[in-house]
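Descriptive analysis of the structure
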Amino acid sequence: MTAPIPRDIPDLPPIPGHVVLPPTVVPARAVLIPARRRPVAAFRGLIALLALTGVAIELLAADIPPTTALSHFTIQSGILLALVMLASARCAWSAHHPLPGALTGAALFYVIAAALVHHVLLAHASSPFATPDGTGIGTGTAWQTAATHILHTAVPVAAALDWLLLTPAGRLHLRQAPAWLLYPLAYLAFTLARGELLLPGAQDRYLYPFLDVAQHGYKIVLGNALLVGLALYALAVLLAALDHIRPDPVRRPR
């Protein structure tokens, strides 16, 4: 004979009548399949090619060592934008999910910042920091002039058009603005440390005239850097705000 089965087993919890699962939020990218956007990929590939062309001309035509040319913020931001555009073109061509908005927004922010510094501080005749060729990267030859227009005008305009016409809206956020400033801050530390390591009187000891400690001293240079940093932060906030009020060019009809 077998022992009777007890009605209640004290070691086990009672079985509820029904189980209520907590609500879950599924991100849209987990259920939406991105489509191939080959014209977009081609346009972004052209932007990358344009940026790399400007960088190559600067490296080959400037009468300064390539390492000095690569130390300029304009060259570095152009290379970063080219890499981001190539990766974005691959995503659009292969129907992969797009790159994070924080990355693409940072690349756009840096090339626009470099363009504004060039046009407002270096190329404007009324600026106290104006240079003869408006670049600070070697002498102004015909090739140098072409590279200047490519990197400081054509590339930023093309990147802005890609953002306005081909990129979904609402991907930039105000919380990203402080993170975007980390690179300009690191660049400031780099260029000041580089100037201290080079011998006094060395060519291109300080890469930009408003950061020339030998001519202006640290007090004025740090004040200039603070003003430029505040302007860049305002630019980052403006980009994030515009991204949330501009029309969405890739919204699909429901």
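Please refer to the structure placed before this passage.
In short, a report on the structure. Residue positions are given per chain, counting from 1 as you read along its sequence in written order. A pLDDT threshold of at least 70 governs which residues receive local features in this predicted model, and a stricter bar of 80 or more applies before side-chain atom pairs are shown or counted, although totals over entire chains, interfaces and linings include all residues. Here the side-chain values reflect all heavy atoms present in the structure, with hydrogen atoms and water set aside.

1. A word on the overall build of the protein
Under the convention used in this document: Runs of H or I in DSSP of at least four residues are treated as helices and runs of E of at least two as strands, each being numbered from the N terminus. Between buried and exposed lies partly exposed: a residue is buried under 20% and exposed over 50% of the maximum accessible area for its type, with that area taken using a 1.4 Å probe on protein chains only.
Each helix and strand in the protein was counted, giving nine helices and zero strands. For the protein, the N- to C-terminal ordering of α and β elements is α-α-α-α-α-α-α-α-α. In the protein, which comprises 254 residues, the proportion classed as buried is 38%.

2. Comments concerning the packing of helix α8 (residues 182-197) against helix α9 (residues 213-245)
Cut-off, in case you're wondering: Where helices are involved, their axes are fitted lines through C-alpha atoms of the stretch in contact, as for all axes, and angles between N-to-C directions lie from 0 to 180°. Comment on the angle field: the value is read as roughly parallel under 35 degrees, roughly antiparallel over 145, roughly perpendicular from 65 to 115, and oblique elsewhere. Any two residues whose heavy atoms approach within 4.5 Å are treated as being in contact.
Closest axis-to-axis distance for the α8/α9 pair is 11 Å, and the angle between their directions is 170 degrees. Taken together, the axes of α8 and α9 lie roughly antiparallel to each other. Note on element contacts: α9 touches α8 through Val213, Tyr218, Val221, Leu222, Ala225 and Leu232, opposite Pro184, Leu188, Leu192 and Glu196.

3. Some details on helix α4 (residues 73-94)
Put simply, the test is: A helix is expected to reach a length of 1.5 Å times the quantity of its residues less one.
Its 22 residues give α4 an end-to-end C-alpha distance of 32 Å, which sits within 8% of 32 Å, the value for a rise of 1.5 Å per residue. Following α4 by one or two positions, Ala95 has its phi on the positive side, about 60 degrees.

4. Quick notes on the packing of aromatic side chains
Heads up, the condition is: Between 30 and 60 degrees the pair is tilted, below 30 it is stacked and above 60 it is edge-to-face, where a pair is any two Phe, Tyr or Trp rings, Trp via its six-membered ring, whose centres lie within 6.5 Å. Placement of a charge over a ring requires the Lys NZ or Arg CZ to be within 6 Å of the ring centre, with the centre-to-atom vector within 35 degrees of the ring normal.
According to the stated counting rule, one finds ten aromatic pairs in the structure shown. On the numbers, 6.1 Å between centres and 70 degrees between planes, the contact of Phe129 with Phe210 is edge-to-face. Highlighted residues: Phe129 in the loop between α5 (101-122) and α6 (142-166) and Phe210 in the loop between α8 and α9, separated in sequence by 81 residues. You can call Phe129 buried: its relative accessible area is 14%. Cluster of aromatic residues (ring-pair linked, three or more members): Phe73, Phe109, Tyr110, Phe129, Trp180, Tyr183, Tyr187, Phe190, Tyr208 and Phe210. Taking the ring centre of Trp93 as reference, the NZ or CZ of Arg38 above it sits at 4.6 Å.

5. Concerning unusual backbone geometry
In the Ramachandran plot, Ala95 falls in the positive-phi region, its phi being about 60 degrees despite a non-glycine side chain. Within the fold, Ala95 resides in the loop between α4 and α5.

6. Quick look at the environment of Asp63
Relative to the elements of secondary structure, Asp63 occurs in the loop between α2 (38-61) and α3 (66-70). The spacing of Asp63 and Thr141 is 78 residues in sequence and 9.6 Å in space, taken between C-alpha atoms.

7. What about the nonpolar core?
Inclusion rule: What is meant by a nonpolar core is a set of buried Ala, Val, Leu, Ile, Met, Phe, Trp, Tyr and Cys residues, joined one to another through side-chain atoms within 4.5 Å.
In this structure, Leu81, Phe109, Trp180, Tyr208, Phe210 and Leu211 are the most contacted members of the largest nonpolar core, which totals 50 residues. Elements with a minimum of two residues in this core: α2, α4, α5, α6, α7 (176-180), α8 and α9. Residues in contact with Leu81, not counting those within four places in the same chain, are Ile47, Ala107, Leu108, Val111, Val155 and Ala159.

8. So, the environment of Ala56
Looking at the secondary structure, you find Ala56 in helix α2. On the basis of relative accessibility, which here comes to 34%, the residue Ala56 falls in the partly exposed class. Each C-alpha atom of the pair Ala56 and Pro66 lies 10.0 Å from the other, and the pair is ten residues apart in sequence.

9. Observations concerning α2
Look at α2: 34 Å from first C-alpha to last across 24 residues, which is about the 34 Å you get at 1.5 Å a residue. The set of residues buried in α2 consists of Val40, Ala41, Arg44, Ile47, Ala48, Ala51, Gly54, Val55, Ile57 and Glu58. Looking at the buried residues of α2, the elements they touch are α4 and α6.

10. Focus: the packing of α4 against α5
Put simply, the rule reads: Should the near helix be turned anticlockwise from the far one by less than a right angle, the crossing is termed left-handed; should it be turned clockwise, right-handed. Each residue is assigned to one of three groups, with Ala, Val, Leu, Ile, Met, Phe, Trp, Tyr, Cys and Pro labelled nonpolar, Asp, Glu, Lys and Arg labelled charged, and all others, Gly among them, labelled polar.
One way to put it is that α4 packs onto α5 with a least axis distance of 9 Å and a crossing angle of 145 degrees. In this structure, the crossing between α4 and α5 has a hand that is left-handed. Contacts from Phe73, Thr74, Ser77, Leu80, Leu81, Val84 and Ser88 in α4 reach Leu103, Thr104, Ala107, Leu108, Tyr110, Val111 and Ala114 in α5. Looking at the contact of α4 with α5 residue by residue, the class counts come to ten nonpolar, four polar and no charged.

11. A short note on the environment of Tyr208
How we decide: Pairing of N or O atoms within 3.5 Å defines a polar contact, subject to two protein rules: one partner must be a possible hydrogen donor and the other a possible acceptor, and residues neighboring in sequence count only if both atoms are side-chain atoms.
By the element assignment, Tyr208 lies in the loop between α8 and α9. In sequence terms Tyr208 and Leu121 are 87 residues apart; their C-alpha atoms lie 9.8 Å from each other. Here Phe73 takes part through its backbone nitrogen, which lies 3.1 Å from a polar atom of the side chain of Tyr208.

12. Examining the side chain of Asp162
Within the fold, Asp162 resides in helix α6. In this structure, Asp162 is in contact with Phe43, Arg44, Ile47, Met85 and Thr167, ignoring residues within four places of it in sequence.

Fair warning: the whole summary comes from geometry, so function is off the table for now.
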